[in-house]
Amino acid sequence: MEEFEQILAFLLSKEVIRPLFIILGSVLVYMIVSRVIRRMFRINFIHMNVRKNKTMCTLTVNVFKYFVILVCALMLLDEFGVDTKTLVASLGVVGVVAGLAMQDTLKDFVSGIFILTDDQYKVGDTVTIDGFMGEVITLGMKTTKIRAYTGEVKMISNRTITSVINHSLDYSLALVDFKVAYEYDIDNVTEIVSEVCSKLSTTLEKLKGEVELWGVTSLDNGVEYRIAAKTVPMEHYAIERKIRAVVKTELENKGIELQYPHRVVTNE
């Protein structure tokens, strides 16, 4: 019983209660302020690009998180008898040493700021970095995380990102090539496909222009035609599939077969 009372007295002492309150208070402050920050970005920055808004919000919350951790650590050290005033005063010298030791981390942070301010890419953009293509899921203070369409996630240090291909800035181009046999009249095929393109221009969604027949692009093993259409970024794959299906159906309805490889087998 006496041991239990001693343990209880220790747990209720200021040496335990005050550090616990500091930690809990820091967590509570972080949760409340981070929620306020997110709400501010939702309300006050509606005019901003949605993906850029989300990226700036994430970066701001991350900076505040590290600030809270630093303040909490200083308060805990003060509770345990460490002279934090002297410690803070000496941070100038320590900062130089830490800066030399953490050059890569600082470069990552600065690079992340430049990526954001230069609008190179945002959370939600589809990019290609170092040959890896995917959607930006996180733009942090140190790393950028990209998820491929197959699910793999690649984490790249911001300082190593020297060139970026952003597929989400303006538009994507849907290209559909198809071949018909030499015996079909070019003018007739052109007229049929042009009508198809006109219909698709009014029925397809997520276009940023008209569906156009660019004409004959090759005469190798048949007459090859090309159809092109500007689409919303990264929607060209879906548009290409729809165009192929409609073109095949319309040509077959007009008695025109698409050219495909033939293999002749003979028995001697």
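Just so we're clear, the structure is a prediction, and the values are computed from it rather than from any experiment.

Participant: Can you walk me through the sheet that holds strand E5 (residues 165-166) in this structure?
Facilitator: Backbone hydrogen bonds are what pair the strands of a sheet, in a parallel or an antiparallel way. Reading across from one edge, E4-E3-E2-E1-E5 is the order of the 5 strands in this open sheet, with antiparallel pairing throughout. Each edge of the sheet is formed by a strand with only one pairing partner; in this case those strands are strand E4 (153-157) and E5. Both strand E1 (residues 126-129) and strand E2 (residues 132-139) contribute to a ladder of 4 bridges, which runs antiparallel. Of the residues in E2, the one forming a bridge with Ile129 is Phe132.

Participant: Sorry if this is basic, but what is going on with the confidence of the model for the chain here?
Facilitator: Do not read the fine detail of predicted coordinates wherever pLDDT is low. Summary statistics for the chain give a mean pLDDT of 81 and a share of 79% for residues scoring 70 or more. Predicted confidence in the chain is weakest over helix H1 (residues 2-11), with a mean pLDDT of 54, and strongest over strand E8 (residues 223-231), with 94.

Participant: Explanation requested: a nonpolar patch on the surface in the structure shown.
Facilitator: A grouping of Leu28, Ile32, Val36 and Met40 is seen on the molecular surface, where their side chains present a nonpolar patch of about 360 Å² in accessible area. By the element assignment, Ile32 lies in helix H2 (residues 14-44).

Participant: Explanation requested: the pattern of salt bridges in the structure shown.
Facilitator: A side chain with one charge may pair with a side chain of the opposite charge, provided their charged atoms come close. Summed over the entire model, instances satisfying the criterion amount to 6 salt bridges. The salt bridge involving Arg226 is made with Asp177; its shortest N-O contact spans 2.7 Å. Taken together, the residues span a long stretch of sequence, with Arg226 in strand E8 and Asp177 in strand E6 (residues 172-180) at a distance of 49 residues. Asp177 sits in the partly exposed class, given a relative accessible area of 36%.

Participant: Where do I start with the packing of aromatic side chains in this structure?
Facilitator: A full pass over the atoms with the stated rule returns 3 aromatic pairs. Taken together, a centroid distance of 6.5 Å and an interplanar angle of 35° make the contact between Phe64 and Phe67 tilted. Here Phe64 and its partner Phe67 are both found in helix H3 (residues 50-79), 3 residues apart, which amounts to about one turn of the helix. Given a relative accessible area of 17%, Phe64 falls into the buried group. Residues Phe178 and Tyr225 carry aromatic rings whose centres are separated by 5.4 Å and whose planes lie at 15° to one another, so their mutual orientation is stacked. Of this pair, Phe178 sits in strand E6 while Tyr225 sits in strand E8, and the two are 47 residues apart along the sequence. On the accessibility criterion, Phe178 (7% relative accessible area) is buried.

Participant: Even after reading the chapter, I still don't get helix H7 (residues 186-203), so can you show me in this structure?
Facilitator: Since the α-helix turns once every 3.6 residues, residues separated by three or four places project in the same direction. With 18 residues, H7 ought to run about 26 Å at 1.5 Å a step, and its terminal C-alpha atoms sit 26 Å apart, in line with that. Of all the residues in H7, the buried ones are Val189, Ile192, Val193, Val196, Cys197, Leu200 and Ser201. Regarding H7, its N-cap is Asp185, as a side-chain oxygen of that residue lies 3.2 Å from the backbone nitrogen of Asp187 further along.

Participant: What am I meant to see in the side chain of Thr144 here?
Facilitator: Looking at the secondary structure, you find Thr144 in strand E3 (residues 143-147). A polar atom in the side chain of Thr144 sits 2.9 Å from the side chain of Tyr121. A polar contact of 2.8 Å, which involves the side chain of Thr144, links it to the side chain of Asn158. In this structure Thr144 touches Tyr121, Val136, Thr138, Leu139, Lys154, Met155, Ile156, Asn158 and Ile161, once residues within four positions along its chain are discounted.

Participant: I keep staring at the sheet that holds E6 and nothing clicks. Help me out?
Facilitator: As summarised here, the arrangement of the 3 strands in space is E6-E8-E7, forming an open sheet in which the pairing is antiparallel. At either margin of the open sheet sits one strand with a lone partner, and together these are E6 and strand E7 (212-218). This sheet shows a mean twist of 25° between the axes of neighbouring strands, independent of strand direction. Bridge count for E6 against E8 is 9 bridges, and the pairing is antiparallel. The partner of Ser172 across the bridge, within E8, is Thr231. Packing of helix H8 (residues 236-253) onto the sheet brings it into contact with E6 and E8, and relative to E6 it is tilted by some 25°.

Participant: Please clarify how the pairing of E8 should be interpreted in this entry.
Facilitator: Two faces make up the sheet, and in a regular strand the side chains alternate between them. Here E8 lies mainly inside the structure; 7 of its 9 residues are buried. In this structure, E7 lies alongside E8, joined through 5 bridges in antiparallel fashion. The residue of E8 that forms the bridge with Val216 is Tyr225. Here E7 hands over to E8 after 4 residues, with Asn221 in that stretch at a positive phi of 55°.

So, how was this worked out
- Residues numbered from 1 in each chain as written.
- Predicted model: local features only at pLDDT ≥ 70, side-chain atom pairs only at ≥ 80, totals over all residues.
- Heavy atoms only, no water.
- Pairing = 2+ DSSP bridges.
- Helix = DSSP H or I, 4+ residues; strand = E, 2+ residues; numbered from the N terminus.
- pLDDT = per-residue confidence, 0-100.
- Patch = residues over 30% accessible without salt bridge, like charges linked within 9 Å, V, L, I, M, F, W, Y side chains within 5 Å.
- Areas by Shrake-Rupley, 256 points an atom, 1.4 Å probe, with all protein chains shown as cover.
- Salt bridge = Lys/Arg side-chain N within 4 Å of Asp/Glu carboxyl O.
- Buried < 20%, exposed > 50% of the residue type's maximum accessible area, 1.4 Å probe, protein only.
- Phe/Tyr/Trp six-rings, centres within 6.5 Å; stacked < 30°, edge-to-face > 60°.
- Expected span 1.5 Å × (residues − 1).
- Polar contact = N/O pair within 3.5 Å; in protein donor to acceptor, adjacent residues only side chain to side chain.
- Contact = heavy atoms within 4.5 Å.
- Axes fitted to C-alpha atoms, helices over the stretch in contact; angles between N-to-C directions.

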